Amino acid sequence: MNMLSINACGLGNKVKRRKILALCGKMGVSFLAIQETRMQSVDLFVLRSVWDNFSFEFATSSSRGHSGGILSIWDPATFIKKKITCTEHVVIVQGEWVGNKLNCFMVNVYAPQEEAKKRQLWNFLASFMIRNGDSYFNFGDFNATRNLGERMDCNFSQRIVYDFNSLISEEGLCDIPVSEFSFTRISTNGAKSSKLDRFLLPEDVVVQFPDFHATALDIIISDHRPMWLSQQVSDYGPKSFRFFQSWMMEPDFYEVVKTYWTEEGGTNGESAIINFKKKLKGLKNILRMWWHEVKNKSSQHKQILLIRFYEIDKIFDVGVVSDQEKEERLVLKSNLYHLEKKELCDLSQKAMI
């Protein structure tokens, strides 16, 4: 998977479009995300002038006046589109990556400047992710930073930072580290710098595909740097087996280990060391399959809890809540806490590995 995301600050300039076209060809881009197209209607000539292939599909949200506009273009041989959802500030393409059979939502974001509208967008994204399954690749210009160090000589709003960080943590997203440059946007006069553009991927995808790499490119197309997300697979030999402490929180863990170790007697005629080695290898395979099943069930259970929690919170907003619903909300919150405690346990252990 190779994708490019850029706030182009308009696609009316021919030189700018040629630079994007050349970049797509050089990087082998299979998914292109452009923010601030400033296109009030679809212009196929403009689309062809930025895409290095005669075969493409696209989804777009038109600009309002002389600002805004979002465009996503992809190679249908690499990414198979299923459904498109568009609003003023986001273009979401649901589909499947052919190479790794990954079903996901490609979420192209161009966040508004106003704090209240940002909060509305974060709420929309959060509720959309709760209502729908699969994984979410969030990328684009979020018009928000995560801490003071991501801005230089710019206005800083603690509330915007809090809201943005809450979205990332509550939805289990990982902010992919960006190499080459710390800031993704530099003002025309060079006086102000900030990190507004990024890739936010779900934790389970990052664990499954740890080779995703984000780069801020040193190419002048607009006041935003082009952002490149790629998979850089390195072969360091066989992967080591990881034992996670959260496994011991599962009620059937000890029984799985005990049952396998007791029933697997080894092979006659071989030394005790070879038998022991084979039993360990078999146990690792059993635990991998067991954990995959447990994690899938846990993920489905969490999704059901989140949906019900969201429904009850909507009832709270209306103001008419029964004692039974209050009690149910407490139980849901407790169950979600225990699930997230296991996830945090794994994440903290991965950070030390």
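The coordinates are above.
What comes next is a walk through the structure. If you're wondering where the values come from, they're calculated on a predicted model, not measured in any experiment.

Considering the state of the cysteines
Then, in step 1: Evaluation of the coordinates by the stated rule reveals 0 disulfides.
Then, in step 2: Cysteine C24 is unpaired, with the sulfur of C9 as its nearest cysteine sulfur at 17 Å.
Then, in step 3: By relative accessible area, which is 4% here, C24 ends up buried.
Then, in step 4: Take C86: it sits in no disulfide, and the sulfur closest to it among the cysteines is that of C104, at 16 Å.
Then, in step 5: Assessed through its relative accessible area of 37%, C86 is described here as partly exposed.

Concerning the sheet that holds strand β13 (residues 193-194)
Then, in step 1: If you trace the 3 strands from one edge of the open sheet to the other, you get β9-β13-β12, paired in antiparallel fashion. Across the chains shown, the open sheet's two edge strands, defined by having one partner strand only, are β9 (151-152) and β12 (185-186).
Then, in step 2: As judged from the 2 bridges shared by β12 and β13, these two strands associate in the antiparallel manner. Paired with I186 across the bridge in β13 is S193.

Observations regarding the nonpolar core
Then, in step 1: Of all hydrophobic cores here, the largest spans 28 residues; its most connected members are M106, F137 and F199.
Then, in step 2: Of all the secondary-structure elements, those providing two or more residues to this core are β2 (31-35), β4 (70-74), β6 (90-97), β7 (102-110), β8 (135-141), β14 (197-202), β15 (212-216) and β16 (227-231).
Then, in step 3: Counting residues per element, this core draws most heavily on β7, which supplies 4 residues.
Then, in step 4: Not counting chain neighbours up to four residues away, the residues in contact with M106 comprise M3, F31, F79, V91, I92, V93, W97, F137 and F139.
Then, in step 5: Counting residues in each nonpolar core, the second largest holds 22 residues, with I6, L11, M39 and I221 among its members.

Topic: helix α1 (residues 14-27)
It helps to recall that an α-helix has 3.6 residues per turn; residues three or four apart then point in one direction.
Then, in step 1: Between its first and last C-alpha atoms α1 spans 20 Å; for 14 residues at 1.5 Å apiece the expected length is 20 Å, and the two agree.
Then, in step 2: For α1, the full list of buried residues reads K16, R17, I20, L23, C24 and M27. Down the axis of α1, the buried set is contained in an arc of 120 degrees. They therefore lie on one face. In this structure, α1 carries R18 and K26 as exposed residues pointing more than 90 degrees from its buried face.
Then, in step 3: Looking at the buried positions of α1, the neighbouring elements they touch are β1 (2-7), β2, α2 (44-48) and β16.
Then, in step 4: G28 sits one or two positions beyond α1 and adopts a positive phi of about 65 degrees.

Points about unusual backbone geometry
Then, in step 1: Phi is positive for C9, which is not a glycine, with a value near 55 degrees.
Then, in step 2: Tracing the chain through its elements places C9 in the loop between β1 and α1.
Then, in step 3: The backbone of N143 sits at a positive phi, close to 50 degrees, despite the residue not being glycine.
Then, in step 4: Examined against the element boundaries, N143 turns out to sit in the loop between β8 and β9.
Then, in step 5: Among the residues examined, N143 registers a relative accessible area of 8% and is labelled buried.

With respect to the environment of K19
Then, in step 1: Mapped onto the elements of the fold, K19 is located in helix α1.
Then, in step 2: On the accessibility criterion, K19 (37% relative accessible area) is partly exposed.
Then, in step 3: Look past the residues within four positions of K19 in its chain and what remains in contact with it is I220 and I221.

Rules used throughout
- Residues numbered from 1 in each chain as written.
- Predicted model: local features only at pLDDT ≥ 70, side-chain atom pairs only at ≥ 80, totals over all residues.
- Heavy atoms only, no water.
- Disulfide = S-S within 2.5 Å.
- Buried < 20%, exposed > 50% of the residue type's maximum accessible area, 1.4 Å probe, protein only.
- Pairing = 2+ DSSP bridges.
- Helix = DSSP H or I, 4+ residues; strand = E, 2+ residues; numbered from the N terminus.
- Core = buried A, V, L, I, M, F, W, Y, C linked by side-chain atoms within 4.5 Å.
- Contact = heavy atoms within 4.5 Å.
- Expected span 1.5 Å × (residues − 1).
- Arc of directions from axis to C-beta.

Nothing here speaks to function; it is geometry throughout.
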